[in-house]
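Topology and contacts: notes
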Amino acid sequence: MTLAVWADSPDVPTTVCFDARLVGASGGPAYPGGTTAGQGGWDVGIHFNGLSDLADKLSRMPVGLPAPVCGNWYQNCPPIARGQVTRLAINAHGLPGQLYVSGVNGRALTADNAGAFHADLHAIGLATSETAMILLMGCMAGKGEAGTLLLRALQGVWPGRTIVAFSTVGYSHAGGMYRSGAQCTEPGMRDTLSPDPSLSTRQSYETYGPIWNDLKKLPWASETSPGAKVIKDGQIVRGG
């Protein structure tokens with residue numbers, strides 16, 4: 001059984017639902033598509049406080065899975081198994097070459113310090129299949145040479161995986177993505193096509209809120225959306 005896991009860091013604006021299927025149901029748009037409420041094609045949502053916590057929940061002390069994953073409607077499924085994750089989104093704030101995996105006040109993951117995070121990154125990699133896709137869902141983390149260096153550093157820890165980061169600003173609208181009655185949000189981040197990270201929360205809402213329902217202007221971020229930079233087998237294959 002393969003898994004697509006969406007993982008939220010501490011201070012992103014959304015709180016992904018544990019059952020991360022769009023509206024908590026089968027069917028609907030397939031990844032990378034979605035509706036205006038969220039992106040399709042995800043199975044489980046988890047929350048983490050730093051890479052060590054993410055490594056624990058994916059690999060060292062893996063979390064149990066939502067009941068629908070294994071067709072069990074009365075109790076959760078067994079934990080994530082080694083190599084089971086075929087798509088992983090790490091949702092965190094970012095800047096060029098930086099992913100704030102412990103929140104914006106914590107230590108960011110960069111090419112320069114990836115070695116210090118090696119044990120946790122390796123454990124995260126063990127949860128993924130050898131050909132998995134790992135997406136860094138953070139604003140501009142893939143932008144410029146710094147972004148490329150971050151992708152190359154991670155490719156060294158996660159060989160065989162396709163790794164994606166974004167050169168543009170991402171946007172998530174917690175209100176627009178709220179799952180009614182569930183106190184959580186649908187998975188996904190929009191690719192805004194904007195290189196400007198300086199907008200305040202209010203300015204971002206004023207800029208992107210009016211076009212939230214236009215999936216052409218604000219597509220769901222993926223390896224094929226316009227702002228994506230993709231590395232595979234040590235080579236930048238998209239968005240150089």
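Shown above is the structure to which this text applies.
Residues numbered from 1 in each chain as written. Predicted model: local features only at pLDDT ≥ 70, side-chain atom pairs only at ≥ 80, totals over all residues. Heavy atoms only, no water.

This part covers the pairing of strand E8 (residues 128–137). Among the 10 residues that make up E8, eight are buried, leaving the element largely enclosed by the rest of the structure. With three bridges joining them, E8 and strand E9 (residues 162–166) adopt parallel strand pairing. Directly across from Ile 134, in E9, lies its bridge partner Ile 163. Chirality of the crossover, the property in question, places the unit of E8, helix H3 (residues 144–157) and E9 among those that are right-handed. (Buried < 20%, exposed > 50% of the residue type's maximum accessible area, 1.4 Å probe, protein only. Helix = DSSP H or I, 4+ residues; strand = E, 2+ residues; numbered from the N terminus. Pairing = 2+ DSSP bridges. Right-handed = clockwise from strand over helix to strand, strands pointing away.)

Leu 54, Leu 58, Ile 90, Leu 109, Leu 121 and Trp 158 are the most contacted members of the largest nonpolar core, which has 38 residues in total. Those elements giving two or more residues to this core turn out to be strand E1 (3–8), strand E2 (44–47), helix H1 (51–60), strand E5 (85–91), helix H2 (118–127), E8, H3 and E9. If we ignore the near neighbours within four places in the chain, the residues touching Leu 109 are Leu 51, Gly 97, Gln 98, Leu 99, Val 101, Ala 114, Phe 117, Leu 121, Leu 150 and Leu 154. Core analysis: the second largest hydrophobic core is formed by 16 residues, Val 16, Trp 42, Ala 89 and Met 189 among them. (Core = buried A, V, L, I, M, F, W, Y, C linked by side-chain atoms within 4.5 Å. Contact = heavy atoms within 4.5 Å.)

Scanning the entire structure with this criterion turns up six salt bridges. As a salt-bridge pair, Asp 19 and Arg 21 come within 2.8 Å of each other at their nearest N and O atoms. Each member of the pair, Asp 19 as well as Arg 21, carries the same accessibility label: buried. Note that Glu 206 is salt-bridged to Arg 202, the shortest N-O span being 3.1 Å. (Salt bridge = Lys/Arg side-chain N within 4 Å of Asp/Glu carboxyl O.)

All told, the structure shown has two disulfides when counted by the stated rule. The disulfide partner of Cys 70 is Cys 77, and the S-S distance across this bridge is 2.0 Å. Measuring handedness by torsion sign, the sulfur bridge of Cys 70 and Cys 77 sits at about -90° and is left-handed. For Cys 77, a relative accessible area of 5% corresponds to the buried category. Along the protein chain, the cysteines engaged in disulfide bonds are linked according to the scheme 1-4, 2-3 when indexed in sequence order. (Disulfide = S-S within 2.5 Å.)

By themselves, these observations are geometric and do not establish any function.
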